[in-house]
Amino acid sequence: MSNGTLTRKLGFWSALALAVGTTIGSGIFVSTGDVARAAGLPSMSILAWIIGGVIAIPQVMVLAELSTAYPENGSGYVYLNKAGWRPLAFLYGWATFWALDPPSISIMALAIVTYLASFFPFFSGIAGKLLGIAIILFITSIHYRSVKEGGRFQVIITLLKIIPFLIVIALGLMYMNYDHFSYTPAAGTHSGSLIGGVSATTWAYTGMASICFMAGEIRNPGKVLPKALISSVLIVLGLYTLLSVCITGLMPFDKLMGSSAAVSDAVSYIPGFSGIASSFVAVTAIIVILGALSSCIMFQPRLEYAMAKDGLFFQRFAKVHPKYETPSFSILAQVTYACILVFFSNLTALLGYFTLIQLVINILDFAAIYKCRKREDYKPIYRMPFWRITTVLAILGAAWLAWGTFTWAPLEGMIAALIVIVTGLPVYYYWEKKYGRLRNQDSSPPMMAQPAKKEL
């Protein structure tokens, strides 16, 4: 029976699968063409993927140190709170719940339905939306009943999603045309830039931090978290780089730059695959997005659980199922909201607009280590090398992504940030006033017991 808290049941492989499974999503199917177009040259395109992965390394190193200092559920919320930026920590969770996490679940479920509809046209319109909800509920049933079984499912689905990419890499190395690497742009045309190519890879490397949201449920977090975080970056970096090399070698670079479905187009150049390329990629996409959907349903409710435990969210979100030992209400509330959003349109735009404030707070997450290192309770098991330089590099990488998002939709991003602040701060001060006194009482040292008076 549960004692009302989440217990540590996840090992290294579950943590690694969660990090890799969250990172490798639907973006890889289109981002290869975007990176090639932005870079302008085959060598620059491949180098951009390498640099994009290298940029993520200092970020996960900062998170590895913070997560081993405070191995609790909640990730950035915990670190901002420990740094003394409690209102920002709340706004991070507030925006994440209402405008980021459930919409992302809905978008991924509908993306799976879109690919399934290529095989079964019946799943369009309302039938497709109902199927999307069914997919969400199926994955939820796994993670609701057991975090351990959910971790095993994540390991399996992550392995399955990597296999198709390994097939493309193996066949690509066999059938690539090395002349494609000598492409040069026509005279007078824009040749692109390395910076542009790297910028186009940044979203593809986002997701490793997902395991920090479940740090309170990982066994031996001081050893497992750094190992899983750094390993996930190296695995994704290697996979993306090899995919970039093979796709560049399979199809002419000028066609790659104009492709909006680079993986599918590249597969069609493999002998014997031209007739099944679209079907092969559709099946691959279904597995890949299903894995990302599973990881999101698994880790996202832990943020609201941590906030509720701290008195900064609806208290029922802190409920732990007495039998399954999962944050049952937080999981159900999040997927219920996601199922409702399935019937709405323009969710992708919503996700993009509210992403800006999350990215800015992510920068503060990395900066929080300067404040946390001054705390007496800061005793991380893992300490990153050259921590000041590493932290600066992590901040610069996150700032680059935030700037790119801002330039994409500056007005919408600022309006979204204003909405988060205007709606969130009154709620924050209400909950802080309501539960702050009780929290302070709980954290205060017990009074010394008075000696009993002797009876005369």
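Above this text is the structure in question.
All of these numbers come straight from a predicted model, not from anything done at the bench. (Residues numbered from 1 in each chain as written. Predicted model: local features only at pLDDT ≥ 70, side-chain atom pairs only at ≥ 80, totals over all residues. Heavy atoms only, no water.)

Caption draft 1: Representation of the overall build of the protein within the structure. Within the protein, the regular secondary structure consists of 17 helices and zero strands. Here the protein has a C-alpha radius of gyration of 23 Å; the compact-globule value for 456 residues is 23 Å, and the two agree. Within the protein, the proportion of its 456 residues that are buried is 55%. In the protein, 82% of the contacts between residues at least 6 apart in sequence involve partners at least 24 apart. Roughly 20300 Å² of accessible area belongs to the protein as shown, and the carbon and sulfur atoms make up 68% of that amount. One finds the centroid of the 32 positive side-chain charges in the protein at a distance of 8 Å from the centroid of its 19 negative side-chain charges. (Helix = DSSP H or I, 4+ residues; strand = E, 2+ residues; numbered from the N terminus. Rg over C-alpha atoms; globule rule 2.2 N^0.38 Å. Buried < 20%, exposed > 50% of the residue type's maximum accessible area, 1.4 Å probe, protein only. Contact = heavy atoms within 4.5 Å. Areas by Shrake-Rupley, 256 points an atom, 1.4 Å probe, with all protein chains shown as cover. Lys, Arg positive; Asp, Glu negative; His and termini not counted. Charge placed at Lys NZ, Arg CZ, Asp CG, Glu CD.)

Caption draft 2: Structural context of the packing of aromatic side chains. Under the criterion given, the structure shown has 32 aromatic pairs. When the centroid spacing of 5.6 Å and the interplanar angle of 90 degrees are considered together, the rings of F97 and F317 count as edge-to-face. A residue pair is termed long-range when its members are at least 10 positions apart, and F97 in helix 5 (residues 86-117) and F317 in the loop between helix 13 (301-309) and helix 14 (328-341) qualify at 220 residues. Residue classification places F97 among the buried positions, given a relative accessible area of 4%. For the pair F122 and F123, a centre-to-centre distance of 5.5 Å together with 70 degrees between the ring planes defines the contact as edge-to-face. Aromatic rings pair up to connect F90, W94, F97, W98, F313, F314, F317, F329, Y337, Y428, Y429 and W431 into one cluster. Over the ring of F12 we find K227; its NZ or CZ atom is 4.6 Å from the centre of that ring. Over the face of the ring belonging to W387 we find R373, whose NZ or CZ atom lies 4.1 Å from the ring centre. (Phe/Tyr/Trp six-rings, centres within 6.5 Å; stacked < 30°, edge-to-face > 60°. Lys NZ or Arg CZ within 6 Å of the ring centre and 35° of its normal.)

Caption draft 3: Representation of a nonpolar patch on the surface. On the surface, a cluster of nonpolar side chains totalling about 610 Å² of accessible area is made up of Y370, F386, I389, V392, L393 and L396. With four residues, helix 16 (residues 387-408) is the single largest residue contributor to the nonpolar patch. Of note, I389 is situated in helix 16. (Patch = residues over 30% accessible without salt bridge, like charges linked within 9 Å, V, L, I, M, F, W, Y side chains within 5 Å. Salt bridge = Lys/Arg side-chain N within 4 Å of Asp/Glu carboxyl O.)

Caption draft 4: Representation of the environment of K374 within the structure. Structurally, K374 can be placed in the loop between helix 15 (347-372) and helix 16. Taking the C-alpha atoms as reference points, K374 and A83, 291 residues apart in sequence, are found 9.1 Å from one another.

Caption draft 5: Structural detail: unusual backbone geometry. The backbone of S75 shows a phi angle near 50 degrees, a positive value even though the residue is not glycine. A positive phi is found at F386, a non-glycine position, where the angle reads about 50 degrees.

Caption draft 6: Looking closely at the side chain of S264. With respect to the helices and strands, S264 occurs in helix 11 (residues 262-267). For S264, a relative accessible area of 15% translates into the label buried. Sequence-distant contacts of S264, that is, excluding residues within four places in its chain, are made with A277, S278 and V281.

Caption draft 7: Inspection of the nonpolar core at higher detail. The biggest cluster of nonpolar side chains holds 145 residues, and the ones touching the most others in it are Y77 and I211. For this core, the element with the most residues is helix 5, which contributes 15 residues. When neighbours within four sequence positions are excluded, Y77 is seen to be in contact with R86, A89, F90, Y92, L303, A306, M307, D310 and L312. (Core = buried A, V, L, I, M, F, W, Y, C linked by side-chain atoms within 4.5 Å.)

Caption draft 8: Local environment of the pattern of salt bridges. A full pass over the atoms with the stated rule returns nine salt bridges. Residue R37 pairs with D34 through a salt bridge whose shortest N-O separation is 2.4 Å. Residue R37 and its partner D34 are located together in helix 2 (residues 28-39), separated by three residues, close to a single helical turn. For E432, the salt bridge goes to R86, with nearest N and O atoms at 3.0 Å. With E432 in helix 17 (residues 410-443) and R86 in helix 5, this pair connects stretches of sequence that are 346 residues apart.

Caption draft 9: The packing of helix 6 (residues 126-145) against helix 7 (residues 147-175), seen in detail. Their axes nearest at 5 Å, the elements helix 6 and helix 7 cross at an angle of 130 degrees. As summarised for this structure, helix 6 and helix 7 are arranged oblique, according to the angle between their axes. Contact residues: helix 6 offers I139, I142 and H143, while helix 7 offers E149, G150, F153 and Q154. (Axes fitted to C-alpha atoms, helices over the stretch in contact; angles between N-to-C directions. Parallel < 35°, antiparallel > 145°, perpendicular 65-115°, else oblique.)

Caption draft 10: Geometry of helix 3 (residues 42-69). Along its 28 residues, helix 3 runs 42 Å from first to last C-alpha, staying within 8% of the 40 Å computed at 1.5 Å per residue. In terms of burial, helix 3 is largely enclosed, as 20 of its 28 residues are buried. (Expected span 1.5 Å × (residues − 1).)

Caption draft 11: Quick look at the packing of helix 5 against helix 15. It is at 9 Å that the axes of helix 5 and helix 15 come closest, and there the two elements cross at 145 degrees. As for the relative orientation of helix 5 and helix 15, their crossing is left-handed in sense. Together, L88, L91, Y92, A95, T96, A99, L100, P103, S104, S106 and I107 of helix 5 and L347, T348, L350, L351, F354, T355, I357, Q358, I361, N362 and L364 of helix 15 make up the contact between the two elements. Residue composition of the contact of helix 5 with helix 15, grouped by class: 15 nonpolar, seven polar and no charged. (Left-handed = near helix turned anticlockwise from the far one by under 90°. Nonpolar A, V, L, I, M, F, W, Y, C, P; charged D, E, K, R; others polar.)

Caption draft 12: Structural context of helix 13. Within helix 13, eight of the nine residues are buried, which leaves the element mostly enclosed by the surrounding structure. The inward-facing, buried residues of helix 13 abut helix 4 (76-82), helix 5, helix 7, helix 12 (277-299) and helix 14. Immediately downstream of helix 13, the backbone of G311 shows phi near 80 degrees, a positive value.

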